[in-house]
4 protein chains.
Amino acid sequence: MSRVIRVTIWNEFRHEKKTDHPASEVYPEGMHNAIAAHLRKQPDMKVRTATLDEPEHGLTDAVLAETDVMTWWGHIAHAEVSDEIVDKVHKKVLDGMGLIVLHSGHFSKIFRRLMGTTCDLKWREAGEKERLWVVDPSHPITEGLPEYFELPQAEMYGERFDIPQPDELLLISWFQGGEVFRSGCCWRRGRGRVFYFRPGHESYPIYKDGNVLKVIENGIRWAAPLNTPAPVFGNYQPLEKL
Amino acid sequence: MSRVIRVTIWNEFRHEKKTDHPASEVYPEGMHNAIAAHLRKQPDMKVRTATLDEPEHGLTDAVLAETDVMTWWGHIAHAEVSDEIVDKVHKKVLDGMGLIVLHSGHFSKIFRRLMGTTCDLKWREAGEKERLWVVDPSHPITEGLPEYFELPQAEMYGERFDIPQPDELLLISWFQGGEVFRSGCCWRRGRGRVFYFRPGHESYPIYKDGNVLKVIENGIRWAAPLNTPAPVFGNYQPLEKL
Amino acid sequence: MSRVIRVTIWNEFRHEKKTDHPASEVYPEGMHNAIAAHLRKQPDMKVRTATLDEPEHGLTDAVLAETDVMTWWGHIAHAEVSDEIVDKVHKKVLDGMGLIVLHSGHFSKIFRRLMGTTCDLKWREAGEKERLWVVDPSHPITEGLPEYFELPQAEMYGERFDIPQPDELLLISWFQGGEVFRSGCCWRRGRGRVFYFRPGHESYPIYKDGNVLKVIENGIRWAAPLNTPAPVFGNYQPLEKL
Amino acid sequence: MSRVIRVTIWNEFRHEKKTDHPASEVYPEGMHNAIAAHLRKQPDMKVRTATLDEPEHGLTDAVLAETDVMTWWGHIAHAEVSDEIVDKVHKKVLDGMGLIVLHSGHFSKIFRRLMGTTCDLKWREAGEKERLWVVDPSHPITEGLPEYFELPQAEMYGERFDIPQPDELLLISWFQGGEVFRSGCCWRRGRGRVFYFRPGHESYPIYKDGNVLKVIENGIRWAAPLNTPAPVFGNYQPLEKL
């Protein structure tokens, strides 16, 4: 009950470092630090950050060993993430680590590997309105949310979103331009749990919105690993007389 | 985090009162008190019991108002449960109360109403061995369990179990006589969560088994209500200009 | 392969008979006959209709015995459908009959009984635009559809739709007024299959729209009963020596 | 309705060519030809075979272009399947080709890629009895089956089977030695459908069993591609005025 969740917030952190990119004004410290600022207020969370350009992308074996839940934001540099690190993160998820995939992370190597599909979608950058509706109010990730919440300016993501049918579908977005999107989706993979959450364009202050931060916070609690049975694989002796 | 879950253990409590029935020896205080004895050791639970032959089956409006999660065991007297009480329990579940349905509770009015199917199955009382396998080690209800556990003497329940496909299937039973059964199944209904757990025949000391009690304890924590958004229904004004 | 599907189109048929109701102009022969006109063009379907005010609501034992798939439209007179008939239709679905629930049929006795929830939702009659997006292009019910289709004037239905999580979610609606809705949902109950399809307000010519009719036609093919194994229930002899 | 399904039966075809391996006696022409012999009796199927040691593993672009559904059996040479061919088969599935994965194909590159998990399991070669129970008699893949069927001698596969929760779980196996297994599992990936079917050890005449062949035949019909909408991805113009 009183266990502390060790969170690693991973961010590509490229847009924000370009002084001519709007992200550098919205998130001068990077999106990871905006998210971290909120999570550090949670008494049950211990937060660190990691970014692409650190050695091993900041995801050393030591960091991975001390991570219960990882959040993932990437966009223009998915291909620069080394396959070796993706292998390690994949294995960690199957062993029970939670993974929260944010916005353009839909195209990350790790998410596509876990899904088995292209994870493609429609998109448009027009600063239009998005309204997210809770469609499953039985789920812990919806705790403390209103029935819907709005983002005044968002990038549009539209269906068809090429993902496996979610184990649990929590949020559906309405966009001003006429599209819809499954914006909050849960899957279980191995002993781990994966949550995809749509909002998060780098040029709008999405990660300063209270409802968005609440969903990420809830997602981390939901995805935190548990002391569940570790499966035994391989050749196996009969339990009954043959 | 530190909230206390108010649990009401409901039991038909008829078998145990018949002095010529084996249940009266196995559970002289009733199955509800065997379960309660375990749950009362949990610091995050506050436990009461209720039985069929109490006024309003022990489920007065006051009791319902103070119940977060209810467990349900019934067998020979499902028809004696009043429809009015079933209506109230049904409404409570849809409003967020957790419900743990045990063993022969598969044929209870409340479970069949929530499922929409007959909930019928095969059965046999031969005191045979049952082995329950965890098939989803990502789920909180499997916390602290071994990969499988056995009950040396159990009533057999066999497929086809006429239920809607579970939202989450956690346990599959192997029976000595050659059958299998989906023994741990989760569904969401309204804002509430429902867990069906198979073990529990009245003539064997099933509710004194540590693994069985652990599953019930975990199920209660998983099904505990949350502060999720209460849906608004009915006629609704547009949020955008038409 | 070449089997003919026997379809019974059930309609409340009250709005259309009121000469001062717009439905009487849009559907002078009733909505059932608009749907039937399309289905009768299908070489693999044999179509009949049945309505509330016929004896036994047109659903005699003989009609039920000859029905493979039933469609259901009701609105103002759900309470007038006799429980005895609902019991029979329920049993038929569990025995394998397909059921296509249309629009305001969401509040019918039969749909609520099969779902176990209130099936409540938001609604608004403002003649606004609806756009239905296909979110699962692997499903036979989406055969022959475009990626999305529009209804220029529709009644709005908005989430939260209080249903069990669909086994398969096919369509999500966008509404001009700012809401979204899970508009094409599949469930399995017993040996039967149930499809809920949202469009269909009585005052707009929804059942003359080619895409809407195509979805109904596809739904009927998907829900048609198959020669699947009939479960054996009850006391059962062991298959292995105990 | 009258369309013909073009089936490609892919087989590793190594065991059967070793004259000292029991498979060479059970399947002198290879398992693919045992399966093909049954499918060629189906008037709605057109069958070809392909094997690992053919050029491009028999899966040239021309063959892929003419394949509606592929079945996959591999065991000792998964690593020899070229990544380039796996890429092509993967893309075909997402574009709508059906895939039936048989027995030890659980460890094939293509299945693991589609699942995103290890697909590991327990196993034992002891020639023990397997009994497969139908748990979802609403599904077309169960058509024509009895409620359960038995294989007198089978390799055991036991849970935990490390797969994503199936979209549809059809069959659960009981093994003499005390294990259970989810033996018939369906998933949707992209516009394609994937069916895993457990039976099939190379040293027992599993693919001469009528029920096993019936399941494969049904699986192929269920997985056959349909004329569903091809999703549009990428940058997208608004459908409504912004």
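The rules behind each value
Residues numbered from 1 in each chain as written. Chains lettered and ligands numbered in written order. Predicted model: local features only at pLDDT ≥ 70, side-chain atom pairs only at ≥ 80, totals over all residues. Heavy atoms only, no water. Helix = DSSP H or I, 4+ residues; strand = E, 2+ residues; numbered from the N terminus. Rg over C-alpha atoms; globule rule 2.2 N^0.38 Å. Contact = heavy atoms within 4.5 Å. Areas by Shrake-Rupley, 256 points an atom, 1.4 Å probe, with all protein chains shown as cover. Lys, Arg positive; Asp, Glu negative; His and termini not counted. Charge placed at Lys NZ, Arg CZ, Asp CG, Glu CD. Buried < 20%, exposed > 50% of the residue type's maximum accessible area, 1.4 Å probe, protein only. Expected span 1.5 Å × (residues − 1). Buried area = accessible area lost by both parts, 1.4 Å probe. Polar contact = N/O pair within 3.5 Å; in protein donor to acceptor, adjacent residues only side chain to side chain. Nonpolar A, V, L, I, M, F, W, Y, C, P; charged D, E, K, R; others polar. Least-squares fit on C-alpha atoms with pLDDT ≥ 70 in both. Phe/Tyr/Trp six-rings, centres within 6.5 Å; stacked < 30°, edge-to-face > 60°. Lys NZ or Arg CZ within 6 Å of the ring centre and 35° of its normal. Axes fitted to C-alpha atoms, helices over the stretch in contact; angles between N-to-C directions. Parallel < 35°, antiparallel > 145°, perpendicular 65-115°, else oblique. pLDDT = per-residue confidence, 0-100. Right-handed = clockwise from strand over helix to strand, strands pointing away. Pairing = 2+ DSSP bridges. Salt bridge = Lys/Arg side-chain N within 4 Å of Asp/Glu carboxyl O. Disulfide = S-S within 2.5 Å.

**Some details on the overall build of chain A**
- Along the backbone of chain A there are six helices and 10 strands.
- Here the C-alpha radius of gyration of chain A, 18 Å, is about what a compact globule of 242 residues would show, namely 18 Å.
- Considering only C-alpha atoms, chain A reaches an extent of 65 × 40 × 35 Å along its principal axes.
- By sequence separation, contacts in chain A at least 24 residues apart represent 70% of the contacts at least 6 residues apart.
- With an accessible surface of roughly 7900 Å², chain A has 51% of that area assigned to carbon and sulfur atoms.
- Here chain A carries 30 positive and 35 negative side-chain charges, and the mean point of each set is 5 Å from the other.

**A few points about the side chain of H90(B)**
- Residue placement: H90(B) occurs in helix 4 (residues 83-94).
- Look at H90(B) and you get buried, because its relative accessible area is 12%.
- Leaving out residues up to four positions away in the same chain, H90(B) has contacts with I110(B), R113(B), L114(B) and G116(C).

**Quick notes on helix 6 (residues 210-223) of chain A**
Residues and elements named next belong to chain A.
- If you check helix 6, its first and last C-alpha atoms are 20 Å apart, about what 14 residues at 1.5 Å a residue would give, namely 20 Å.
- Most of helix 6 sits inside the fold, with 10 of its 14 residues counted as buried.
- All of the buried residues along helix 6 are V212, L213, V215, I216, E217, N218, G219, I220, W222 and A223.

**Side note on the interface of chain A and chain D**
- Counting from both sides, the interface comprises 39 residues of chain A and, opposite them, 39 residues of chain D.
- The contact between chain A and chain D buries some 3200 Å² in all, and 57% of this surface belongs to carbon and sulfur atoms.
- For chain A, the biggest contributors to the area lost against chain D are K122(A), F233(A) and L242(A); these three give 18% of the whole.
- The interface formed by chain A and chain D holds 24 residue pairs in polar contact (both at pLDDT 80 or more) in total.
- Among the elements of the structure, helix 4 (83-94), helix 5 (109-115), strand 5 (122-134), strand 8 (180-189) and strand 10 (234-235) of chain A are those that each provide at least two residues to the side of chain A that touches chain D.
- It is strand 5 of chain A that contributes the most residues to the side of chain A that touches chain D, five residues altogether.
- Considered class by class, the residues forming the side of chain A that touches chain D number 15 nonpolar, 12 polar and 12 charged.

**Section: helix 4 (residues 83-94) of chain D**
Residues and elements named next belong to chain D.
- With 12 residues, helix 4 should cover 16 Å at 1.5 Å per step; its first-to-last C-alpha distance of 16 Å lies within 8% of that length.
- Every buried residue of helix 4 is accounted for by I85, V86, V89, H90, V93 and L94.
- Of the surrounding elements, those touching the buried residues of helix 4 are helix 3 (61-65), strand 3 (69-73), strand 4 (98-102), helix 5 (109-115), strand 8 (180-189) and strand 9 (192-197).
- G96 sits one or two positions beyond helix 4 and adopts a positive phi of about 125 degrees.

**Topic: the relation of the copies chain C and chain A**
- Superposing chain C onto chain A takes a rotation of 180 degrees plus a shift of 0.0 Å along the axis, which leaves an RMSD of 0.0 Å. Here the copies are linked by what is in effect a two-fold axis. Residue W174(C) of chain C places its C-alpha closer to the rotation axis than any other residue of that unit, at 3.3 Å.
- Mapped onto chain A, 100% of the interface residues of chain C are again interface residues, and the two copies thus contact each other with one and the same surface.

**Things to note about the packing of aromatic side chains**
- Tallied over the entire structure, the rule returns 42 aromatic pairs over all chains.
- Centre to centre, the rings of F195(C) and F197(C) are 6.0 Å apart; their planes meet at 15 degrees, and the pair counts as stacked.
- What makes F197(C) buried here is its relative accessible area of 0%.
- Members of the aromatic cluster, each reached through a chain of ring pairs, are F111(A), Y157(A), F161(A), F181(A), W187(A) and Y196(A).
- The ring of Y236(B) carries the charged tip of K122(C) above its face, separated from the ring centre by 5.0 Å.
- For the cation-ring pair, R198(D) lies above Y157(D), with the distance from its terminal atom to the ring centre recorded as 4.9 Å.

**Observations regarding the relation of the copies chain A and chain D**
- Between chain A and chain D, the superposition needs a rotation of 180 degrees and an axial shift of 0.0 Å, giving an RMSD of 0.0 Å.
- Interface overlap between copies: 100% of the residues of chain A at the interface are likewise at the interface in chain D, consistent with a symmetric, same-surface contact.

**A closer look at the environment of N211(A)**
All names here are of chain A.
- Assignment of secondary structure puts N211 in helix 6.
- Between the C-alpha atoms of N211 and P164, which are 47 residues apart in sequence, the distance is 26 Å.
- Sequence-distant contacts of N211, that is, excluding residues within four places in its chain, are made with L145, P146 and F149.

**Quick notes on the environment of L39(B)**
All names here are of chain B.
- Its place among the elements puts L39 in helix 2 (residues 31-39).
- With 76 residues separating them in the primary sequence, L39 and M115 have C-alpha atoms 27 Å apart.
- Beyond its immediate stretch of four places on either side in the chain, L39 contacts V7, I9, M45, V47, E217 and I220.

**Quick look at the packing of helix 2 (residues 31-39) of chain A against helix 6 of chain A**
Residue and element names in this part refer to chain A.
- Contact pair helix 2 / helix 6: the axes reach a minimum separation of 10 Å and the direction vectors enclose 70 degrees. Of the possible angle classes, the one that applies to helix 2 and helix 6 is roughly perpendicular. Contacts between helix 2 and helix 6 involve A34, I35, H38 and L39 on the former and, on the latter, L213, K214, I216, E217 and I220.
- Tallied by class, residues from the contact of helix 2 with helix 6 come to six nonpolar, one polar and two charged.

**Some thoughts on unusual backbone geometry**
Residue and element names in this part refer to chain B.
- Across the junction of E159 and R160, the peptide omega takes the value 5 degrees, indicating a cis bond.
- When you line up the elements, R160 lands in the loop between strand 6 (148-158) and strand 7 (168-175).
- Residues other than glycine seldom take positive phi values, yet E56 does so here, at roughly 55 degrees.
- Locating E56 in the fold gives a position in the loop between strand 2 (45-51) and helix 3 (61-65).

**Comments concerning the confidence of the model for chain A**
- Residues at a pLDDT of 70 or more form 99% of chain A, whose mean pLDDT is 97.
- Of the two predicted TM-score estimates for the complex, the pTM is 0.98 and the ipTM is 0.96.

**Re the side chain of D68(A)**
Residues and elements named next belong to chain A.
- Tracing the backbone through its elements, the reader meets D68 in the loop between helix 3 (61-65) and strand 3 (69-73).
- Assessed through its relative accessible area of 11%, D68 is described here as buried.
- Apart from the residues lying within four places of it in its own chain, the contact partners of D68 are V4, I5, R6, M97, G98 and P225.

**Brief notes about the interface of chain C and chain A**
- On the side of chain A, 24 residues touch chain C, which itself brings 24 residues to the contact.
- Buried area between chain C and chain A, both sides added, is near 1900 Å², and the carbon and sulfur share of it is 57%.
- In this structure, the connection of chain C to chain A is made through 12 residue pairs in polar contact (both at pLDDT 80 or more).
- Broken down by secondary-structure element, the contributors of at least two residues to the side of chain C that touches chain A are strand 5 (122-134), strand 7 (168-175) and strand 8 (180-189) of chain C.
- With six residues, the top contributor of residues to the side of chain C that touches chain A is strand 7 of chain C.

**A look at the pairing of strand 4 (residues 98-102) of chain A**
Residue and element names in this part refer to chain A.
- For strand 4, the tally of buried residues reaches five of five residues, placing the bulk of the element in the interior.
- Burial of strand 4 is two-sided: the residues G98, I100 and L102 facing one way and the residues L99 and V101 facing the other way are all buried.
- Running through helix 4, the crossover from strand 3 to the neighbouring parallel element strand 4 is right-handed.
- Relative to strand 9 (residues 192-197), strand 4 runs parallel, the two sharing four bridges.

**Points about the pattern of salt bridges**
Residues and elements named next belong to chain A.
- All told, the structure shown has 100 salt bridges over all chains when counted by the stated rule.
- In this structure, E128 engages R124 in a salt bridge whose closest nitrogen and oxygen atoms are separated by 2.8 Å.
- On the basis of relative accessible area, E128 is assigned to the buried category, the value being 1%.
- Accessibility expressed as a relative area gives 4% for R124, which makes it buried.
- Among the ionic contacts, a cluster of salt bridges with common partners joins R14, K17, D53 and E80.

**Some words on the state of the cysteines**
- For the structure on display, the rule yields zero disulfides over all chains.
- Free cysteine C185(A): the closest other cysteine sulfur is in C186(A), separated by 7.6 Å.

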